[in-house]
Amino acid sequence: MNKLYKNAEDAVFDIADKSTIMLGGFGLCGIPENLIAALVKKGIKDLTCISNNAGVDDFGIGLLLQSRQVKKMISSYVGENSEFERQLLNNELEVDLIPQGTLAERCRAAGAGIPAFYTPAGVGTEVEKGKEIKIFNGKKYLLELAFNSDFAFVKAWKGDALGNLIYKGTARNFNPMMAAAGKITIAEVEELVPVGSLDPNIIHTPSIYVDRIFEGENYEKRIEKITTQ
């Protein structure tokens, strides 16, 4: 099976309106910049985006919000995007805000084939509305469902044509969990290396989870800084 694609535009060829997409990254660190740009160019609408955050006005998922391509955001933090705020307050955007740990576990559960789990996070808040509550050892827990996404977009430091991935530093964040959780996982990498050149002991995402891979370009990395001593 050939997983190697020329670029982001080729890799998103079958993504259609109303798709649900997981997008790796934390803040502006480790986000799939090329894939987001390809979606903007493709112009598809009514997307449901699952991401820790919603980017900023002119970068990351913020670009999809600017072009009104997102119907629903499922996130844990959205505080630095004025366009997101405007759409939310004007009832132009559906938003599901959930605790960050719950977001991570809903991703992990999906990748592990676990349909649901109980967590104490959100008990006694708006998060618990409409959810099953169960008591374990005298303490309340909420039933949370694993995510169900059509695609997962992840960004890695290095990868090979089989789809083995290595992330660098904190840019790993949500990427490995989302890579395992997507029905179709598309990976963009800073450097595409020959098959067999990656040390198996340091591979973070094994190739079994990756369906498509390409070498990205023109990364801005707005929050990633080189520090020398």
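Everything numeric in this text was worked out from a predicted model, so none of it was measured.

*Asks:* Is there a simple way to explain the overall build of the protein chain in this structure?
*Replies:* The number of helices and strands found in the protein chain is 6 helices and 11 strands. Taking 17 Å as the expected radius of gyration for a compact globule of 229 residues, we find that the protein chain reaches 18 Å, a close match to that expectation. Taking the principal axes of its C-alpha atoms as reference, the protein chain extends roughly 55 × 45 × 40 Å. Within the span of the protein chain, comprising 229 residues, buried residues form 45% of the whole. If you take every contact in the protein chain between residues at least 6 apart in sequence, the share linking residues at least 24 apart comes to 70%. Element-wise, carbon and sulfur atoms account for 51% of the exposed surface of the protein chain, whose accessible area totals about 11500 Å². Counting 26 positive and 30 negative side-chain charges, the protein chain places the averaged centre of each group 4 Å from the other.

*Asks:* How should the packing of aromatic side chains be read in this particular structure?
*Replies:* By convention here, two paired aromatic rings are described through the distance between centres and the angle between planes. Evaluation of the coordinates by the stated rule reveals 3 aromatic pairs. Ring geometry for Tyr5 versus Phe13: centroids 6.4 Å apart, planes at 15°, classification stacked. Their ring planes at 80° and their centres at 5.5 Å tell us that Phe136 and Tyr141 sit as a pair that is edge-to-face. With a relative accessible area of 34%, Phe136 lands in the partly exposed category.

*Asks:* I would appreciate a short explanation of unusual backbone geometry in the present structure.
*Replies:* Residues apart from glycine generally show negative phi values, whereas peptide bonds are mostly found in trans. Its identity is not glycine, yet Asn137 carries a phi of approximately 50°, on the positive side. Its location among the elements puts Asn137 in the loop between strand 6 (133-136) and strand 7 (139-145).

*Asks:* Any chance you could explain the environment of Gly55 here in plain terms?
*Replies:* With respect to the helices and strands, Gly55 occurs in the loop between strand 2 (47-50) and helix 3 (62-66). Taking the relative accessible area as the measure of exposure, Gly55 reaches 11% and is therefore buried. Taking C-alpha positions, Gly55 is 7.3 Å from Glu80, a pair spaced 25 residues apart along the chain. Among all residues touching Gly55, those that are not within four sequence positions of it are Leu28, Ile61, Gly62, Glu80 and Asn81.

*Asks:* I would appreciate a short explanation of the sheet that holds strand 7 in the present structure.
*Replies:* Backbone hydrogen bonds hold the strands of a sheet together, and the pairing may be parallel or antiparallel. The antiparallel open sheet is built from 3 strands, whose spatial order is 5-7-6. Each end of this open sheet is capped by a strand with a single partner; those strands are strand 5 (116-119) and strand 6. Strand-to-strand twist of the sheet, defined as the mean angle between neighbouring strand axes without regard to direction, takes the value 40°. In the sheet, strand 6 pairs with strand 7 via 4 bridges, with the strands oriented antiparallel. Looking at strand 7, one finds that Ile133 is bridged to Leu142. Here helix 5 (residues 100-112) sits on the sheet in contact with strand 5 and strand 7, set at roughly 155° to strand 5.

*Asks:* Where do I start with the side chain of Asn53 in this structure?
*Replies:* Relative to the helices and strands, Asn53 resides in the loop between strand 2 and helix 3. Looking at Asn53, its side chain comes within polar contact range of the main-chain nitrogen of Gly27, at 2.8 Å. When sequence neighbours within four positions are dropped, the list of residues in contact with Asn53 reads Gly25, Phe26, Gly27, Ile61, Met73, Ser75 and Tyr77.

The rules behind each value
Residues numbered from 1 in each chain as written. Predicted model: local features only at pLDDT ≥ 70, side-chain atom pairs only at ≥ 80, totals over all residues. Heavy atoms only, no water. Helix = DSSP H or I, 4+ residues; strand = E, 2+ residues; numbered from the N terminus. Rg over C-alpha atoms; globule rule 2.2 N^0.38 Å. Buried < 20%, exposed > 50% of the residue type's maximum accessible area, 1.4 Å probe, protein only. Contact = heavy atoms within 4.5 Å. Areas by Shrake-Rupley, 256 points an atom, 1.4 Å probe, with all protein chains shown as cover. Lys, Arg positive; Asp, Glu negative; His and termini not counted. Charge placed at Lys NZ, Arg CZ, Asp CG, Glu CD. Phe/Tyr/Trp six-rings, centres within 6.5 Å; stacked < 30°, edge-to-face > 60°. Pairing = 2+ DSSP bridges. Axes fitted to C-alpha atoms, helices over the stretch in contact; angles between N-to-C directions. Polar contact = N/O pair within 3.5 Å; in protein donor to acceptor, adjacent residues only side chain to side chain.

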